[in-house]
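Each chain is listed here by its residues.
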Amino acid sequence: MNQAFRFRIYPTKEQELLLAKTFGCCRFLYNQMLNAKIEEYKKTGKMLRNTPAMYKKEYPFLKEVDSLALANVQLHLERAYRNFFGNPAAGFPKFKSKHRNKNSYTTNMVNGNIQVDGQRLKLPKLKWIRMKKHREIPEYCCLKSVTVSREPSGKYYASLLCEAPDCENQTAGKTYGDARILGIDYAMHGMAVFSEETGEINAGYYRKSEKKLAWEQRKLSRCVKGSQNYLRQRRRLALCHEKIRNQRRDFLHKLSRKIADRYDVAAVEDINMKAMSRCMHFGKSVLDNSYGKFREMLEYKLRRQGKRLVKVDRFFPSSKKCCKCGAVKKELKLSERIYICPCGNRMDRDLNAAINIREEARRMLCA
Ligand SMILES: [Zn+2]
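Residues numbered from 1 in each chain as written. Predicted model: local features only at pLDDT ≥ 70, side-chain atom pairs only at ≥ 80, totals over all residues. Heavy atoms only, no water.

Check the secondary structure of the chain and you find nine helices and 13 strands. Expressed along its principal axes, the backbone C-alpha trace of the chain runs to roughly 75 × 55 × 55 Å. The buried share of the chain, reckoned over its 367 residues, is 41%. Across the chain, every contact between residues at least 6 apart in sequence was considered, and the portion connecting residues at least 24 apart equals 67%. Working note: accessible area of the chain is about 21,400 Å², and carbon and sulfur atoms make up 52% of it. Mean positive and mean negative side-chain charge positions of the chain (77 and 38 charges, respectively) differ by 7 Å. (Helix = DSSP H or I, 4+ residues; strand = E, 2+ residues; numbered from the N terminus. Buried < 20%, exposed > 50% of the residue type's maximum accessible area, 1.4 Å probe, protein only. Contact = heavy atoms within 4.5 Å. Areas by Shrake-Rupley, 256 points an atom, 1.4 Å probe, with all protein chains shown as cover. Lys, Arg positive; Asp, Glu negative; His and termini not counted. Charge placed at Lys NZ, Arg CZ, Asp CG, Glu CD.)

Moving on to the coordination of the zinc ion. Ligation of the zinc ion by protein atoms is provided by Cys322 (SG), Cys325 (SG), Cys341 (SG) and Cys343 (SG), these donors lying 2.2 to 2.3 Å from the ion. Counting along the primary sequence, the residues that act as donors to the zinc ion give the motif C-x2-C-x15-C-x1-C. Linking cysteine 325 in the loop between β11 (308-312) and β12 (338-340) with cysteine 343 in the loop between β12 and β13 (346-348), this pair joins segments that are 18 residues apart in sequence. Cysteine 343 sits in the partly exposed class, given a relative accessible area of 42%. (Donors = N, O, S within 2.8 Å, 3.2 Å for Na, K, Ca; no water.)

Turning to the state of the cysteines, a few remarks are in order. Tallied over the full model, the rule gives zero disulfides. No disulfide involves cysteine 142; its sulfur sits 7.6 Å from the nearest other cysteine sulfur, which is in cysteine 162. (Disulfide = S-S within 2.5 Å.)

Right, let's talk about the domain arrangement of the chain for a bit. Segmentation of the chain into domains returns domain 1 (2-163) and domain 2 (181-366). Distance from the C-alpha centre of domain 1 to the C-alpha centre of domain 2: 31 Å. Facing the eight residues of domain 1 at the interface are eight residues of domain 2. When residues of domain 1 are sorted by the area they lose upon contact with domain 2, Gln3, Arg6 and Ser153 head the list and together hold 55% of the total. At the boundary of domain 1 with domain 2, the tally comes to two salt bridges. A salt bridge links lysine 155 to glutamate 242; its shortest N-O distance comes to 3.3 Å. Along the contact surface separating domain 1 from domain 2 lie six residue pairs in polar contact (both at pLDDT 80 or more). The class makeup of the residues in the side of domain 1 that touches domain 2 is two nonpolar, three polar and three charged. (Domains from an automatic or database assignment. Buried area = accessible area lost by both parts, 1.4 Å probe. Salt bridge = Lys/Arg side-chain N within 4 Å of Asp/Glu carboxyl O. Polar contact = N/O pair within 3.5 Å; in protein donor to acceptor, adjacent residues only side chain to side chain. Nonpolar A, V, L, I, M, F, W, Y, C, P; charged D, E, K, R; others polar.)

Time to look at helix α1 (residues 13-44). Here α1 is 32 residues long and its end C-alpha atoms lie 47 Å apart, about the 46 Å a rise of 1.5 Å per residue gives. Just downstream of α1, glycine 45 is the residue with a positive phi angle, here 75°. (Expected span 1.5 Å × (residues − 1).)

When glycine is set aside, most residues are seen to have a negative phi, and most peptide bonds are trans. Phi is positive for asparagine 111, close to 50°, though the residue is something other than glycine. With respect to the helices and strands, the residue asparagine 111 is situated in the loop between β2 (103-108) and β3 (115-117). Although it is not a glycine, lysine 125 adopts a positive phi angle of roughly 70°. With respect to the helices and strands, lysine 125 occurs in the loop between β4 (120-123) and β5 (127-132).

As a further point, take the pattern of salt bridges. For the structure shown, the criterion picks out 17 salt bridges. We note a salt bridge from lysine 212 to glutamate 216, for which the minimum N-O separation is 3.3 Å. Taken together, the residues lysine 212 and glutamate 216, both in helix α4 (residues 207-222) and four residues apart, mark about one turn of the helix. A single salt-bridge network, built from bridges that share partners, covers Arg6, Lys102, Glu151 and Arg245.

Take the packing of aromatic side chains next. Two aromatic rings are characterised by how far apart their centres lie and by the angle between their planes. Summed over the entire model, instances satisfying the criterion amount to twelve aromatic pairs. Measuring from centroid to centroid gives 6.1 Å for tyrosine 81 and phenylalanine 92, while their planes differ by 20°, and the two rings are stacked. Placement of the pair is tyrosine 81 in helix α3 (residues 67-86) and phenylalanine 92 in the loop between α3 and β2, with a sequence separation of eleven residues. A relative accessible area of 27% means that phenylalanine 92 is categorised as partly exposed. A network of ring pairs unites the aromatic residues Tyr41, Tyr81, Phe84 and Phe92 as a single cluster. The ring of tyrosine 339 is capped by lysine 329, whose NZ or CZ atom sits 4.7 Å from the centre of that ring. (Phe/Tyr/Trp six-rings, centres within 6.5 Å; stacked < 30°, edge-to-face > 60°. Lys NZ or Arg CZ within 6 Å of the ring centre and 35° of its normal.)

Below, the discussion takes up the confidence of the model for the chain. On average, residues of the chain score 87 in pLDDT, and 91% of them are at 70 or above. When the criterion is pLDDT under 50, residues 283-287 qualifies, and its contacts beyond four places in sequence or with other chains add up to seven contacts. (pLDDT = per-residue confidence, 0-100.)

Here you go:
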């Protein structure tokens, strides 16, 4: 089981230059290798096997950066390319652009080339970089790789991917008759509705930041493109975006932590978030994919405690069923926000669904 730790790092000016060079080289190599693959495919319809070594002679500057980063470029590209062969409708992988894509690269732990010591991190070619280690990495975690990235705001982060022992088998042999189960229903507004009160779920936490974002955006549109003011404003805007991202992530971590500590099982519907936001053209509430991330966080936090996330079949009629008497409605319009049943049950539509999901999970676990 993998576990990632993300820390802010503070490279020196010199290290910043080398980082920029590494980001650039990775992007350059990716595009070169992809281009060659596309040419080969057009000619023969086959996949070209190319490696970074084939490019180092022609482009000697590639030798100046971490070779493991370049090796990972090859792995990423091959994964993307295999996806294309599995699903040609998706199209070729895209070229990477300096502006559209994130500045990042991944390097691997090989023979102690990466080290963490107090508040510093040692990376190949870069030596020691100052790092704000705001939390401890548990002893049992074994470092596998590090992804270094530069945010549009100019801040640098290192994400340390570790391997932690799996505690899956703790779940075996457990009985679920009186397990604490939380049913979770996806909700377009407010992200999710729970079968029980879990305390505040406050989606308005970034409303304030959003207002500021709109204001900074307007200010940027009034600046002369390319001017000093424009560049300064663009950085301010990037900081604003980053703050919202951080607030959202922080919120999701805290919420999933609370649930993982309090419940034995969390039950969700087995829905494909990507397909959903594609075909339904929802607003940003789905596009920011908070719910997908939340589910992921919840799943690994539960697993680490030997607990489970249960997925209920997507054809289970969670919305149409009455959670009190079990009757299933033939039809339920999206506009019907209150579930009303002839048995006298009258409750919020999403709450009714969340309770049904919880009970379905209990049935599955006990079966
Ligand atoms: Zn009923």
